[in-house]
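# What the coordinates show
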Amino acid sequence: MIRVIESRSDAVVAIEVSEKITKKDFHGVEQAFRETANRYGKIRVLMMVGEYTGVSWDFILEDIEFNKEFYKYYDKVAVVSDQKWMKPIIKIEDYFIKADMKYFDLEQQNEAWEWITQE
């Protein structure tokens, strides 16, 4: 599941990722991204990743279309998790996504918020 959660800043879309992500999860996230892009001209994302178990095939296809639409708006992405395997994936994605991306351990959540809101 991927869902929008309460954000500490109007300029940041905060999302929670847990369990398995499917295409139907995109609606709320897409709306939040669109509103943020329209209001600020850029999108900053703080992603809380919990017990993530994978994605469905329909999600993969939807994710490609989603990123084609919002790619030009990405500014910063903070990933907060205890899933250490995500660190190298973030480094790889940093080459393909023009946004600044950074991984934070769970206990660094406040630092993640500080980083994502800095200009």
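Residues numbered from 1 in each chain as written. Predicted model: local features only at pLDDT ≥ 70, side-chain atom pairs only at ≥ 80, totals over all residues. Heavy atoms only, no water.

Here the focus is the environment of M48. On the secondary structure map, M48 appears in strand β3 (residues 43-55). Each C-alpha atom, one on M48 and one on S81, is 6.1 Å from the other, the two residues being 33 residues apart in sequence. In this view, M48 contacts I5, I15, E16, V17, V80, L106 and Q109; residues no more than four positions away in its chain are not counted. (Helix = DSSP H or I, 4+ residues; strand = E, 2+ residues; numbered from the N terminus. Contact = heavy atoms within 4.5 Å.)

What follows concerns the sheet that holds strand β5 (residues 100-105). Taking strand neighbours across the sheet as the criterion, the five strands line up as β1-β2-β3-β4-β5 in an open arrangement whose pairing is mixed. Taken across any chain shown, the strands that pair with only one partner, and hence form the sheet edges, are β1 (2-5) and β5. Between one strand axis and the next, the sheet turns by 25 degrees as a mean value, whatever way the strands run. Two strands pair when backbone bridges link them, and strand β4 (residues 74-81) and β5 are joined in this way by six bridges, in the parallel orientation. In the sheet register, S81 faces β5, and the bridge partner there is D105. Each of β3, β4 and β5 touches helix α3 (residues 86-96); the most contacted strand, β5, lies at about 170 degrees to it. Across the sheet, helix α4 (residues 109-117) lies against β2 (12-21), β3, β4 and β5, angled at about 180 degrees from β4, the strand it touches most. (Pairing = 2+ DSSP bridges. Axes fitted to C-alpha atoms, helices over the stretch in contact; angles between N-to-C directions.)

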